[in-house]
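Residues per chain are reported as follows:
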Amino acid sequence: MTATGERVERVDEQDRVIGVVDRGEAVARHWLHRVATTVCRDAHGRFLVHRRPETVSRFPGCHNWLIGGAVEPGESYERAAARELAEELGVRAPVRPLFRFLCRGAISPYRLGVHEAVVTGGLTPDPAEIDWYAWVTESELWDMAGRRTFVPDGAAALRRYPATPRRPPAPPLP
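Source: prediction; values computed, not measured.

Quick notes on the packing of helix α3 (residues 138-145) against helix α4 (residues 152-160)
Then, number 1: In the contact formed by α3 and α4, the axes pass within 10 Å of each other and the chain directions differ by 135 degrees. Judged by the inter-axis angle, α3 sits oblique to α4. Seen from above, α3 lies across α4 with left-handed handedness. Where α3 approaches α4, its residues L141, W142 and A145 are matched on the opposing element by A155, L158 and R159.
Then, number 2: In terms of residue class, the contact of α3 with α4 is made up of five nonpolar, no polar and one charged.

Details of the pattern of salt bridges
A side chain of one charge can pair with a side chain of the opposite charge when the charged atoms of the two come close.
Then, number 1: Evaluated as defined, the whole model comprises 15 salt bridges.
Then, number 2: A salt bridge links R34 to E9; the nearest nitrogen and oxygen atoms lie 2.9 Å apart. Of this pair, R34 sits in strand β3 (residues 34-41) while E9 sits in strand β1 (residues 7-11), placing them 25 residues apart in sequence. The exposure classification of R34 matches that of E9, with both residues buried.
Then, number 3: R29 is the salt-bridge partner of E25, the closest N and O atoms lying 3.0 Å from each other.
Then, number 4: Residues joined in a network through salt bridges with shared partners are E72, E75, R83, E84 and E87.

Considering the environment of H115
Then, number 1: Position of H115 relative to the elements: it lies in strand β8 (residues 110-118).
Then, number 2: Sequence-wise, H115 and L98 are 17 residues apart; in three dimensions their C-alpha atoms are separated by 5.0 Å.
Then, number 3: For H115, the residues in contact, after removing those within four places along its chain, are A36, T37, T38, V39, Y77, E78, A81, V95, R96, P97 and L98.
Then, number 4: At 3.4 Å, the side chain of H115 forms a polar contact with the backbone oxygen of G113.

Quick notes on the side chain of E75
Then, number 1: Inspection of the secondary structure puts E75 in the loop between β6 (66-70) and α2 (77-89).
Then, number 2: On the basis of relative accessible area, E75 is assigned to the buried category, the value being 10%.
Then, number 3: A polar atom in the side chain of E75 sits 2.8 Å from the backbone nitrogen of E72.
Then, number 4: In this structure the side chain of E75 is engaged in a polar contact, spanning 2.8 Å, whose partner is the side chain of R83.
Then, number 5: Discounting residues that sit within four places of it in the chain, E75 has contacts with A70, A80 and R83.

Notes on the nonpolar core
Then, number 1: The biggest cluster of nonpolar side chains holds 22 residues, and the ones touching the most others in it are W65, L112, V114 and L141.
Then, number 2: Looking at this core, the elements with two or more residues in it are β3, β4 (47-51), β7 (96-103), β8, α3 and α4.
Then, number 3: For this core, the leading source of residues is α3, giving four residues.
Then, number 4: Discounting chain neighbours no more than four positions away, the residues touching W65 are T38, V39, F47, L48, V49, L141, F150, G154, A157, L158 and Y161.
Then, number 5: Counting 17 residues, the second-largest nonpolar core is a separate cluster that includes A81, L85, A93 and A117.

Cut-offs applied
- Position numbers for residues start from 1 in each chain and track the written sequence from start to end.
- For a predicted model such as this one, the threshold for reporting local features is a pLDDT of at least 70, and the threshold for listing and counting side-chain atom pairs is 80 or more; totals across whole chains, interfaces and linings nevertheless cover every residue.
- Hydrogens and water are ignored here; the side-chain numbers use all heavy atoms of the structure.
- Lines fitted to C-alpha atoms define the axes, with helix axes restricted to the stretch in contact, and inter-axis angles between N-to-C directions lie between 0 and 180 degrees.
- By definition, any uninterrupted DSSP run of H or I lasting at least four residues is a helix, any uninterrupted run of E lasting at least two residues is a strand, and each is numbered from the N terminus.
- Any angle from 65 to 115 degrees is called roughly perpendicular, while one under 35 is roughly parallel, one over 145 is roughly antiparallel, and all others are oblique.
- Handedness of each helix crossing follows the sense of rotation of the near helix against the far helix: counterclockwise by less than a right angle gives left-handed, clockwise gives right-handed.
- By definition, residues are in contact when any of their heavy atoms lie within 4.5 Å.
- Lys, Arg, Asp and Glu make up the charged group, whereas Ala, Val, Leu, Ile, Met, Phe, Trp, Tyr, Cys and Pro make up the nonpolar group; the residues left over, Gly among them, are polar.
- What counts as a salt bridge is simple: a side-chain nitrogen of Lys or Arg found within 4 Å of a carboxyl oxygen of Asp or Glu.
- Type-normalised accessible area, obtained with a 1.4 Å probe on protein chains alone, sets the label of each residue: buried when under 20%, exposed when over 50%, and partly exposed for intermediate values.
- By the criterion applied in these results, polar contacts are pairs of N or O atoms within 3.5 Å in which, for protein atoms, one can donate a hydrogen and the other can accept it, and in which residues neighboring in sequence qualify only through two side-chain atoms.
- In plain words, nonpolar cores are sets of buried Ala, Val, Leu, Ile, Met, Phe, Trp, Tyr and Cys residues tied together by side-chain atoms within 4.5 Å.

So, in structure tokens, the structure goes:
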């Protein structure tokens, strides 16, 4: 079990707090905890997609459309999503809750809160979190999500994203 020093609230399947634990322990023991993410859209409705650096421990070199991280003890999903947006992209923008679900996770299960924000200013990505990014159309996003280099948990969230009339079929489960 790897201690990270990052504290999270351990929760049950109904998202009720059981206690506060180290995130590394929660992951190692497959204990549910909370993660908040944001889908970034630009003024034209395009989606932000980014690639994770090769040096990160989780999903190195993989693409994702979600920006986010662990919810801190006592923090709401919305506040955590806004904080992570500022930390990872250098952007302050209102986040709108979309949905939450029990994500089985490629590494460990967790409760995932997905939010959306319209980002109109410039981005200042944290190089420890993001080494490339681009704005893509919805069809380009679905194409990318069907590749092995896409974070599987991000693909799981995309399959739950509110439907639009011209959405292509969902990519198969990895």
